[in-house]
Amino acid sequence: MVLLTCRNLYRVRQLRSQFPAKKSANSPMHGLIPYKHPVTHTTKYLNAGIEFRDCVKCVTIHYSEYDNSERQAEHKSMKELVDWNFTQLQYKNPDVQLLVLKNMLPSPFLTFFLDDGEKFHIDANGKSHIELLRYIQKIIGKPRELIEIENKAVMPNQANFGQGFARATLTDVQGQMPHSNRYMEFTEEARKQLQGRHHNINKRWGDQEDD
């Protein structure tokens, strides 16, 4: 039995060598998010992004890549903004068009196009990644207080039900079939009325004909 097992293992290894795996060694494991920075696609991370003011309609991001370390250091903050915060900006500003223009201009900057036709630029040269984010939030981002006021002003839809709403289930609405866990609160007559086989259909039609 030991010899047969060893032979089988040897044959399996031979077959595996003839049919190599399609996935490369650097491919991500099954179940992991296949992105450069997976944390940037989590809901908690996306909700922490900058929300632009309502007047912003389009944003273009300009940066370049150089072999020279000195020139590349000037564009480092903008490249980190694209790598770490671009998905946040897309998530928090679904009505704003975001474009990345790479290796087209020698200076790193952002251009904001407003709804009245005006535009302005934010220069990223000389700013670190954190400084650039704080500057964008200060110039064109919505303050946290304004976001809280807007969220409170939006009234919840009374037709919604579930976790976080006034009604947990649709059975709480008057006129709907009650939940089965409340049957014990009903009397015997009420339980019979909820079951279709106890309805006297002939009597109901007879009463309508008499009227």
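Everything below is about the structure shown above.
Per-chain numbering applies: the sequence of each chain, read as written, is numbered from 1 onward. With pLDDT at 70 or above as the cut-off, local features in this predicted model cover only qualifying residues; side-chain atom pairs require 80 or more to be listed or tallied, and sums for whole chains, interfaces and linings still use all residues. To obtain the side-chain values, all non-hydrogen atoms of the structure were used and water was disregarded.

**Quick word on the layout of surface pockets**
Now for step 1: Here the largest pocket is characterised by a volume of approximately 420 Å³.
Now for step 2: Ala48, Gly49, Ile50, Gln137 and Arg144 are the residues nearest the centre of the largest pocket, which is lined by 18 residues in total.
Now for step 3: When contributions to the lining of the largest pocket are tallied by element, the ones reaching two or more residues are α4 (76-92), α5 (129-139) and α6 (144-153).
Now for step 4: Classifying every residue of the lining of the largest pocket by side-chain character gives eight nonpolar, six polar and four charged.
Now for step 5: As a volume, the second largest pocket reaches approximately 160 Å³.
Now for step 6: Cavities and pockets were defined on a 1 Å grid built over protein atoms only: a cavity is a set of grid points that admits a 1.4 Å probe from which the probe cannot escape, a pocket is an open set flanked by protein on both sides within 12 Å along at least five of seven lines, and lining residues are those with an atom within 4 Å of any such point. For the second largest pocket, the full set of lining residues is Glu51, Phe52, Arg53, Asp54, Val56, Lys57, Lys92, Asn93, Pro94, Asp95, Val96 and Lys142.
Now for step 7: Counted by class, the lining of the second largest pocket contains four nonpolar, one polar and seven charged residues. Grid points are joined across faces, edges and corners, and a volume is the space filled by probe spheres set on the points. By definition, any uninterrupted DSSP run of H or I lasting at least four residues is a helix, any uninterrupted run of E lasting at least two residues is a strand, and each is numbered from the N terminus. Under the grouping applied here, Gly and all other residues not named as nonpolar or charged are polar, the nonpolar ones being Ala, Val, Leu, Ile, Met, Phe, Trp, Tyr, Cys and Pro and the charged ones Asp, Glu, Lys and Arg.

**Notes on α5**
Now for step 1: Along α5, the positions that sit buried rather than exposed are His129, Leu132, Leu133 and Ile136. The buried residues of α5 occupy an angular sector of 100° when projected down its axis, which confines them to one face. Exposed residues on α5 whose side chains face more than 90 degrees from its buried face are Arg134 and Lys138.
Now for step 2: Only heavy atoms enter the contact rule, under which two residues are in contact if any of them lie within 4.5 Å. In the core, the buried residues of α5 are packed alongside α4, β3 (109-114) and β4 (119-123). Between buried and exposed lies partly exposed: a residue is buried under 20% and exposed over 50% of the maximum accessible area for its type, with that area taken using a 1.4 Å probe on protein chains only. Relevant arc is that of directions from the helix axis to the C-beta atoms, nothing else.

**Re the nonpolar core**
In globular proteins that are soluble, nonpolar side chains generally tend to be buried together.
Now for step 1: Residues Phe52, Val59, Leu110, Phe112 and Ile136 are the most contacted members of the largest nonpolar core, which totals 22 residues.
Now for step 2: Within the residue set of this core, elements represented by two or more residues are β1 (56-63), α4, β3 and α5.
Now for step 3: Broken down by element, the residue count for this core peaks at five residues, all from α4.
Now for step 4: Contact partners of Ile136, with chain neighbours within four places excluded, come to Ile50, Phe52, Leu81, Leu110, Phe112, Ile122 and Gly141. For this analysis, a nonpolar core means a set of buried residues of the types Ala, Val, Leu, Ile, Met, Phe, Trp, Tyr and Cys, connected via side-chain atoms within 4.5 Å.

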